[in-house]
Amino acid sequence: MATDTAAGFPCALTLDLPFPDARLASVALQALRVDKELSSLVKRDLSAVASEGSSDPTVLRIEYSAATNRMLRVAVNSFLESLALVLEVQEELDVDVVEARQGQEKSG
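The present account deals with the structure reproduced in this document.

Reading the values: the criteria
- Residues numbered from 1 in each chain as written.
- Predicted model: local features only at pLDDT ≥ 70, side-chain atom pairs only at ≥ 80, totals over all residues.
- Heavy atoms only, no water.
- Salt bridge = Lys/Arg side-chain N within 4 Å of Asp/Glu carboxyl O.
- Helix = DSSP H or I, 4+ residues; strand = E, 2+ residues; numbered from the N terminus.
- Buried < 20%, exposed > 50% of the residue type's maximum accessible area, 1.4 Å probe, protein only.
- Axes fitted to C-alpha atoms, helices over the stretch in contact; angles between N-to-C directions.
- Parallel < 35°, antiparallel > 145°, perpendicular 65-115°, else oblique.
- Left-handed = near helix turned anticlockwise from the far one by under 90°.
- Contact = heavy atoms within 4.5 Å.
- Nonpolar A, V, L, I, M, F, W, Y, C, P; charged D, E, K, R; others polar.

### Brief notes about the pattern of salt bridges
Piece 1. One pass over the structure, following the stated rule, counts 2 salt bridges.
Piece 2. Here Asp16 and Arg61 are joined by a salt bridge, their closest N and O atoms 2.7 Å apart. With Asp16 in strand E1 (residues 11-18) and Arg61 in strand E3 (residues 59-66), this residue pair connects regions lying 45 residues apart in the sequence.
Piece 3. Residue Glu37 pairs with Arg44 through a salt bridge whose shortest N-O separation is 3.3 Å.
Piece 4. Given the relative accessible area of 22%, Arg44 is considered partly exposed.

### As for the packing of helix H1 (residues 22-33) against helix H2 (residues 69-93)
Piece 1. Viewed as axis vectors pointing N to C, H1 and H2 meet at an angle of 135 degrees, and their least axial separation amounts to 10 Å. As summarised for this structure, H1 and H2 are arranged oblique, according to the angle between their axes. Judged by the twist between their axes, the crossing of H1 over H2 is right-handed. Residues Leu24, Val27, Ala28, Ala31 and Leu32 of H1 form the contact with H2, whose own contacting residues are Phe79, Ser82, Leu83, Val86 and Gln90.
Piece 2. The residue inventory of the contact of H1 with H2, partitioned by class, reads 8 nonpolar, 2 polar and no charged.

Now the structure itself:
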């Protein structure tokens, strides 16, 4: 957990979530960006970044900072619920990408 006390947000957390391809990471980013944080005591920054050894932005990076640990926990829990919904929809509707990835894992 990093700290950013200068800005009044001493509690911070960064999550890196890998996706099978850049398109799915971009779709998740766009879907999750719509919901703004409800509290002014929490800041969230979403971005798609490239994983090590790749030039495609296949990793969704979420950076949180909050005034208190409790506010950070509440915000991250809420975000993870939204993320779970996005992932379920992708799994149901992006069958071709998920099946291709599973086929690669079985053969490799």
